[in-house]
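Descriptive analysis of the structure
As a plain string of letters, each chain reads:
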Amino acid sequence: MASLSVKPGQRYTLPDWQNNSLLISANAEQQRYNSHQVRQGGRVLRNETGNQAKWDEHKSRTQLKDRIASVDKWREALARCLTEIDSEIDALTKVKQAAENALQAKNLCLDVAIECLTLRESRRDIDVVRDPVEEELLKEVKVIEKTKKELQQRVEDAFRQLCLLKEARGLVDLDHRHKGEAIELDQQCISFSPTSGNISFKVNPTRIPYGTTALSEWEQNSRCNKENAEREIKASIDLRGAIILSIAQTNNELDAQRTATEFALRKRMRDMEAALNELRWQEENTLEEIAEMEEEIRQLEEDIRKRTLDLKVAHTRLETRTYRPHIELCRDQAQFGLTDEVQQLEGAIRALQQKRTESQDALDALYRQLHRIRTDIGYKTNSLQLDNKCMDTRRKLVVSVEKFEPEVDAVNRTRDLPRKSQLEL
C-alpha cells in the first residue's frame, strides 16, 4: 500500500490565506493611491514651476527690451550730439582759419601803409608838413594794429574753444560707444534660450560687480555729457558769430583767394562728376552680378533638392534591404554600393549647402556693396548740388566789402548780428 506524500512545513488556514490576499489588495490600493497623490503633486508643481519660469523669463526679456530701448534712446541723442559737435568743430575750424587768413592779410595792408609813410618822409623842405594824408595814414596804421590785435585774440579764443569742444566730444563719444556695447550685450542676453549652446552655470552670478552705478547716476552722467557738449556748442556758436562779425567789420575779400577758391571748387565739381559716373558704372555692373548670383543660388537649391530626393531613394533602398530573410541578409556588392551612394550623396549635399551658403554670403556682400554705392551716389549728388549752389552763392562776392553781410553759420544756425546799416555806422 503506497504512503501519502505530504509537503513538509507550516500549514496555513483558509482564513489566513484570505486575509493575506485582502492585505495584499489593500496595500496595493494604498500604494496606488499614494502614487496617484505624488503624481498629482508633481504635475501641479511642474505646472506651477513651468508657468513661473515662463513668466519670469518673459518679464526679464521685457525688462531687457525696455532697457535696450532706454539706452538706445540715449545713444541716438548722443549720436545727434556728436553730429552737431562735429559740425560745430568743423565750422569753428573754418572760421578760425578764416580769421588767421584775415590776420595774415592785414600784414600787407600794414606794410603798404608804413611804406607810404616812409616814402612821404622823403619829402623835402616846405613839403615836409603834417597834412591830412599823413594823419589818415597814421590813423590807418593804428586801426590796422588794433584790428590785428583783435583778430589775434579771436584766433586764441577759437583755439581754446576748439580744445573744449574736442574734450566734450571725447566724453560724448566714449559714452556713446559704451552704450553701444551695453546694447549689444543686452541683445545677446535676449538671444539666449534653453537651447543655446553657450549657456552654463556661473560662479556667484547675483553678485554686484565692482564699479556698479545707480540708475540715476547713469542717467545723470549721460545728461551731464550731453548738456556740457550743448553748452560748448552754444559757446562756440557765439564765438563764431563774434569772429565772423570781426572779419566782416575789418577785412576785405581778396581777389586772388576768391579766384583760387572758385578754381578749386570747379575742379572739385569736375572730380565729383567723374566719380558719379564711375559709381553709376559700378552700380550697373553690381546689379548684373547680383542677378547672376541669384540665378546661381536658385540652381544650387534645385540641385540640393534633387540630391535630397536621391538620398531619400538610397536610404529607402538600404532600409528595405534590411528585411531580407535569414541568410539573404548579407553585405553584398549592392549593399556596399548603396552605402557608398549614401555617403557620396551626403557629401554632395553638404558641399552644395556650403556652396549655397558661400553664394548667399557673396550675394549679401553684393547687396551691401550696392547699398554703399547708392548711398555714395546720393552723397555725391547732394555734394554736387551743394557745390553748384556754392558757385551761385559766390557771385555775391562781386559786391564791395562795404556791402558785405556775413552769413554766420555753416550748419543752419542764425545769430542776431548787425546788418549793413549798423556796420556802416
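Residues numbered from 1 in each chain as written. Predicted model: local features only at pLDDT ≥ 70, side-chain atom pairs only at ≥ 80, totals over all residues. Heavy atoms only, no water.

Named according to an unreviewed UniProt entry, the protein is Tektin originating from Cisticola juncidis. Per UniProt, the comment on the protein under Subcellular location (unreviewed entry) is "Cytoplasm, Cytoskeleton, Cilium axoneme". Regarding the protein, the relevant UniProt record gives this comment under Sequence similarities (unreviewed entry): "Belongs to the tektin family." (UniProt positions renumbered as here; feature names shortened; annotations may be inferred.)

Locating E283 in the fold gives a position in helix 4 (residues 255–321). One polar contact links E283 to R374, side chain to side chain, over a distance of 2.8 Å. Leaving out residues up to four positions away in the same chain, E283 has contacts with L370, I373, R374 and I377. (Helix = DSSP H or I, 4+ residues; strand = E, 2+ residues; numbered from the N terminus. Polar contact = N/O pair within 3.5 Å; in protein donor to acceptor, adjacent residues only side chain to side chain. Contact = heavy atoms within 4.5 Å.)

Turning our eyes to something else, we now look at the packing of aromatic side chains. For the structure on display, the rule yields zero aromatic pairs. Between the NZ or CZ atom of R67 and the centre of the ring of W218, over which it lies, the distance is 4.0 Å. (Phe/Tyr/Trp six-rings, centres within 6.5 Å; stacked < 30°, edge-to-face > 60°. Lys NZ or Arg CZ within 6 Å of the ring centre and 35° of its normal.)

On to the nonpolar core. The tendency in soluble globular proteins is for nonpolar side chains to be buried as a group. Formed by 24 residues in total, the largest nonpolar core has its most connected members in I85, L92, L165, V172, A229 and I243. Counting residues per element, the ones that place at least two in this core are helix 1 (14–120), helix 2 (132–191) and helix 3 (215–250). If you tally residues by element for this core, the top one is helix 1, at ten residues. Other than its neighbours up to four places away in sequence, I85 contacts L165, A168, R169, A229 and I233. Counting residues in hydrophobic clusters, the runner-up holds seven residues, among them A314, V342, L345 and I349. (Core = buried A, V, L, I, M, F, W, Y, C linked by side-chain atoms within 4.5 Å. Buried < 20%, exposed > 50% of the residue type's maximum accessible area, 1.4 Å probe, protein only.)

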